[in-house]
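# Fold and geometry: a report
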Amino acid sequence: AQKITQTQPGMFVQEKEAVTLDCTYDTSDPSYGLFWYKQPSSGEMIFLIYQGSYDQQNATEGRYSLNFQKARKSANLVISASQLGDSAMYFCAMREPLRSARQLTFGSGTQLTVLP
Amino acid sequence: NAGVTQTPKFRVLKTGQSMTLLCAQDMNHEYMYWYRQDPGMGLRLIHYSVGEGTTAKGEVPDGYNVSRLKKQNFLLGLESAAPSQTSVYFCASSPVGYNSPLHFGNGTRLTVT
């Protein structure tokens, strides 16, 4: 079974508008961490934001926020005021404590295109 | 501040050839990883290491071997390359902290013909 599901292979958004990228996850462990990464066309992986399963508040980092709905097992990334430079592939990932090396399990990604 | 450095950036191999991908990190991280990225499949873990001298298999280890003789280096080897190993390979490292993100290298694009 897929542990991380990103159902939107591609998304378009108008510049300056907000956009939500969906991520659902599957784990039976009460303790876990959720991460979002950005991969621009140049290929590097850029860490954006982290949410712990016990965190009381949704994480925010500048224009990025994480809409964390624990009961629904969803961790959607919200980008406010989109910019052309936000065009990239976005990956959701999860860390589970039972995995010995703290590795991340990644979703298949969402390709975001910001339109001028 | 180099972070995670991967060499080479690009490589073309013929089926059956061997090669080693090099990964070096200067952040004194305990954990290191090798992932491969294929279209529509995200990143999948090949092998990982929790410390110098230790390695373990990830999700897709077949056809690869690794070594971590020094804490700062993690090598990925392909003994007999196959076209199915055409991919982009990422090395990453992480400190011990549970909420610490993985720090990635810039990737190696490997084509096996």
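Figured I'd write up the structure that's included with this text. For clarity, every value in this text was computed on a predicted model and none was experimentally measured.

### Some details on the sheet that holds strand E7 (residues 64-67) of chain B
Picture the strands of a sheet paired through backbone hydrogen bonds; they go either parallel or antiparallel. Residue and element names in this part refer to chain B. Strands sit in the order E1-E3-E8-E7 across an open sheet of four strands; the sheet is antiparallel. The open sheet terminates on both sides in strands that have one partner only, identified here as strand E1 (4-7) and E7. Strand-to-strand twist in this sheet, taken as the mean axis angle between neighbours without regard to direction, amounts to 20 degrees.

### Quick look at the pattern of salt bridges
Two side chains that carry opposite charge are able to pair once their charged atoms sit near each other. Under the criterion given, the structure shown has five salt bridges over all chains. In this structure, arginine 63 of chain A engages aspartate 86 of chain A in a salt bridge whose closest nitrogen and oxygen atoms are separated by 2.8 Å. Taken together, the positions of arginine 63 of chain A in the loop between strand E7 (60-61) and strand E8 (64-69) and aspartate 86 of chain A in the loop between strand E9 (74-79) and strand E10 (88-95) put the pair 23 residues apart, joining distant regions of the chain. What makes arginine 63 of chain A partly exposed here is its relative accessible area of 23%. Among the charged side chains, a network of salt bridges with common partners joins Arg36, Asp38 and Arg44 of chain B.

### Here we look at the layout of surface pockets
Each pocket or cavity is described by its volume, and for the largest pocket that value is around 490 Å³. Forming the boundary of the largest pocket are 26 residues, of which Gln39 and Gly43 of chain A together with Gln37, Val88 and Arg109 of chain B lie nearest the centre. At the level of secondary structure, the elements contributing two or more residues to the lining of the largest pocket comprise E10 of chain A together with strand E9 (87-94) and strand E11 (108-112) of chain B. Tallied by class, residues from the lining of the largest pocket come to eight nonpolar, 15 polar and three charged. Counted as a void, the second largest pocket has a volume near 400 Å³. Around the second largest pocket sit 21 residues that line it, and Gln2, Thr105 and Phe106 of chain A together with Arg44 and Glu59 of chain B are the ones nearest its centre. Of all the secondary-structure elements, those providing two or more residues to the lining of the second largest pocket are strand E1 (4-5) and strand E11 (104-106) of chain A together with strand E5 (43-51) of chain B. Classifying every residue of the lining of the second largest pocket gives eight nonpolar, nine polar and four charged.

### Considerations on the pairing of strand E6 (residues 46-52) of chain A
Residue and element names in this part refer to chain A. Counting buried residues in E6 gives five out of seven residues, a clear majority hidden from the surface. Direction of pairing for strand E5 (residues 33-39) relative to E6: antiparallel, over a ladder of six bridges. Pairing of phenylalanine 35 across the sheet is with tyrosine 50, part of E6. The turn joining E5 and E6, which pair antiparallel and follow one another in sequence, is formed by six residues; a positive phi near 105 degrees is taken by glycine 43.

### What about the state of the cysteines?
Counting across every chain of the model gives two disulfides over all chains. Here cysteine 23 of chain A is linked by a disulfide to cysteine 92 of chain A, with a sulfur-sulfur distance of 2.0 Å. In this structure the cystine formed by cysteine 23 of chain A and cysteine 92 of chain A twists about its S-S bond by roughly -65 degrees; its chirality is therefore left-handed. A residue pair is termed long-range when its members are at least 10 positions apart, and cysteine 23 of chain A in the loop between strand E3 (19-21) and strand E4 (24-25) and cysteine 92 of chain A in strand E10 qualify at 69 residues. On the basis of relative accessible area, cysteine 92 of chain A is assigned to the buried category, the value being 0%. Here cysteine 23 of chain B is linked by a disulfide to cysteine 91 of chain B, with a sulfur-sulfur distance of 1.8 Å. Between cysteine 23 of chain B and cysteine 91 of chain B the disulfide shows an S-S torsion of about -75 degrees. By sign, it is left-handed. Highlighted residues: cysteine 23 of chain B in strand E3 (residues 19-25) and cysteine 91 of chain B in strand E9, separated in sequence by 68 residues. As far as the burial class goes, cysteine 23 of chain B and cysteine 91 of chain B line up, both buried.

### Structural notes on the nonpolar core
Formed by 25 residues in total, the largest nonpolar core has its most connected members in Leu21, Tyr25, Trp36, Ile49, Leu77, Tyr90 and Leu112 of chain A. The dominant element in this core, judged by the number of residues it contributes, is E10 of chain A, at four residues.

### Section: the interface of chain A and chain B
The accessible area lost on association of the parts is a frequent measure of interface size. Contacts between chain A and chain B engage 23 residues on the former and 22 residues on the latter. Carbon and sulfur atoms make up 57% of the area that chain A and chain B hide from each other, which totals about 1800 Å². One can count zero salt bridges joining chain A with chain B. Here chain A and chain B share four residue pairs in polar contact (both at pLDDT 80 or more) between them. Only E5, E6, E10 and E11 of chain A provide two or more residues apiece to the side of chain A that touches chain B. Here the side of chain A that touches chain B takes four residues from E5 of chain A, the largest share from any one element. Residue classes in the side of chain A that touches chain B are distributed as eleven nonpolar, eight polar and four charged.

Analysis parameters
Residues numbered from 1 in each chain as written. Chains lettered and ligands numbered in written order. Predicted model: local features only at pLDDT ≥ 70, side-chain atom pairs only at ≥ 80, totals over all residues. Heavy atoms only, no water. Pairing = 2+ DSSP bridges. Helix = DSSP H or I, 4+ residues; strand = E, 2+ residues; numbered from the N terminus. Axes fitted to C-alpha atoms, helices over the stretch in contact; angles between N-to-C directions. Salt bridge = Lys/Arg side-chain N within 4 Å of Asp/Glu carboxyl O. Buried < 20%, exposed > 50% of the residue type's maximum accessible area, 1.4 Å probe, protein only. 1 Å grid on protein atoms, 1.4 Å probe; cavity = no way out; pocket = protein on both sides within 12 Å on 5 of 7 lines; lining within 4 Å. Points joined across faces, edges and corners; volume = space filled by probe spheres on them. Nonpolar A, V, L, I, M, F, W, Y, C, P; charged D, E, K, R; others polar. Disulfide = S-S within 2.5 Å. Core = buried A, V, L, I, M, F, W, Y, C linked by side-chain atoms within 4.5 Å. Contact = heavy atoms within 4.5 Å. Buried area = accessible area lost by both parts, 1.4 Å probe. Polar contact = N/O pair within 3.5 Å; in protein donor to acceptor, adjacent residues only side chain to side chain.

Remember, this is a structural readout, not a statement about activity or role.
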